[in-house]
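Observations on the model geometry
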Amino acid sequence: MKNIGYLAQDISILHRQYYRDTKEQFDALELNPTAACILLTVGDFPETSQNQVARYLVVDKGLATREINKMEKLGYLAKNKGVGKAKILSLTDEGDKVVDKIQKIRIKWWDDKFATTGISATSPLVNAIETVVDSIVDPVDAVTDEEK
């Protein structure tokens, strides 16, 4: 058995394979992995700010801004003025439809992997990974002084 230090590498392998397997589906939606994650985050946390999304996904603010601008042009997101310089994001009707498609793509990929391996979504490892991720990401509802 490998030591726990290989877990990050194994997770990266899953991550790359997921995007390799779903690339055509995301390309058809004009999305890349970061854009898809941003849309899902806005869908999960309506009326969130750009900064909150970047912190939640642990991505650079500049990357988040570029992707958000692209999705606004595609008609998936709307930006509204928040307090101060903050931009508040919301899904458009088209964005809602795309989020449903993204969810279906993700669920099918994982269902296929679980069916192939015999692992279930209720595996203790799934819970453990979610706990570690929760310890890393900033909650979306945490507003910084900068956003007030």
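In what follows, the structure referred to is the one given above.
Rules behind the numbers
- Residues numbered from 1 in each chain as written.
- Predicted model: local features only at pLDDT ≥ 70, side-chain atom pairs only at ≥ 80, totals over all residues.
- Heavy atoms only, no water.
- Helix = DSSP H or I, 4+ residues; strand = E, 2+ residues; numbered from the N terminus.
- Buried < 20%, exposed > 50% of the residue type's maximum accessible area, 1.4 Å probe, protein only.
- Contact = heavy atoms within 4.5 Å.
- Areas by Shrake-Rupley, 256 points an atom, 1.4 Å probe, with all protein chains shown as cover.
- Lys, Arg positive; Asp, Glu negative; His and termini not counted.
- Charge placed at Lys NZ, Arg CZ, Asp CG, Glu CD.
- Patch = residues over 30% accessible without salt bridge, like charges linked within 9 Å, V, L, I, M, F, W, Y side chains within 5 Å.
- Salt bridge = Lys/Arg side-chain N within 4 Å of Asp/Glu carboxyl O.
- Core = buried A, V, L, I, M, F, W, Y, C linked by side-chain atoms within 4.5 Å.
- Pairing = 2+ DSSP bridges.
- Phe/Tyr/Trp six-rings, centres within 6.5 Å; stacked < 30°, edge-to-face > 60°.

Counting its regular elements, the chain contains six helices and three strands. Listing every helix and strand of the chain by position from the N terminus yields α-α-β-α-α-β-β-α-α. Its C-alpha atoms give the chain principal-axis dimensions of roughly 50 × 35 × 25 Å. The buried share of the chain, taken over its 148 residues, is 30%. Sequence-distant contacts in the chain: of pairs separated by 6 or more residues, those separated by 24 or more amount to 61%. Accessible surface, the chain as shown: approximately 9,700 Å² in total, 56% of it carbon and sulfur. For the chain, the separation between the mean place of its 20 positive charges and that of its 23 negative charges on side chains is 5 Å.

A separate point is a negative patch on the surface. A grouping of Asp-93, Glu-94, Asp-96 and Asp-100 is seen on the molecular surface, where their side chains present a negatively charged patch. You can see Asp-96 is positioned in helix H5 (residues 93-117).

Tallying each qualifying case throughout the model produces five salt bridges. In this structure, Glu-72 and Lys-79 form a salt bridge, with 3.6 Å as the shortest nitrogen-oxygen distance. Judged by its relative accessible area of 34%, Glu-72 falls in the partly exposed class. By relative accessible area, Lys-79 is classed as partly exposed at 24%. Here Lys-108 ties to Asp-112 by a salt bridge, and the two come within 2.8 Å at their closest N and O atoms. Placement of both Lys-108 and Asp-112 in helix H5 is noted, with a separation of four residues, approximately one turn of the helix.

Okay, the nonpolar core next. One finds Phe-26, Leu-31, Leu-39, Met-71, Leu-77 and Ile-102 to be the most contacted residues of the largest nonpolar core, which totals 25 residues. Top contributing element to this core by residue count: helix H2 (residues 33-44), with six residues. Not counting residues up to four positions away in its chain, the partners in contact with Phe-26 are Tyr-18, Tyr-19, Leu-31, Ala-36, Ile-102 and Ile-105.

As a further point, take the pairing of strand E2 (residues 77-81). Bridge analysis of E2 against strand E3 (residues 87-91) gives five bridges, and the strand direction is antiparallel. From the neighbouring strand, Lys-79 faces E3, where its bridge partner is Leu-89. Between E2 and E3, which pair antiparallel and follow one another directly, the connecting turn spans five residues, one of which, Gly-84, has a positive phi of 65 degrees.

Now for the packing of aromatic side chains. Taken as a whole, this structure holds seven aromatic pairs when the rule is applied. The interplanar angle of 70 degrees and the centroid separation of 4.7 Å between the aromatic rings of Tyr-18 and Tyr-19 together place this pair among those described as edge-to-face. Tyr-18 gets classed as buried once you look at its relative accessible area, which sits at 7%. Overall, Tyr-19 belongs to the buried group, its relative accessible area being 16%. Ring centres of Trp-109 and Trp-110 lie 4.8 Å apart, and the angle between their planes is 90 degrees; this geometry places the pair in the edge-to-face category. Assessed through its relative accessible area of 6%, Trp-109 is described here as buried. Residue Trp-110 is classed as partly exposed on the basis of its relative accessible area, which comes to 35%.

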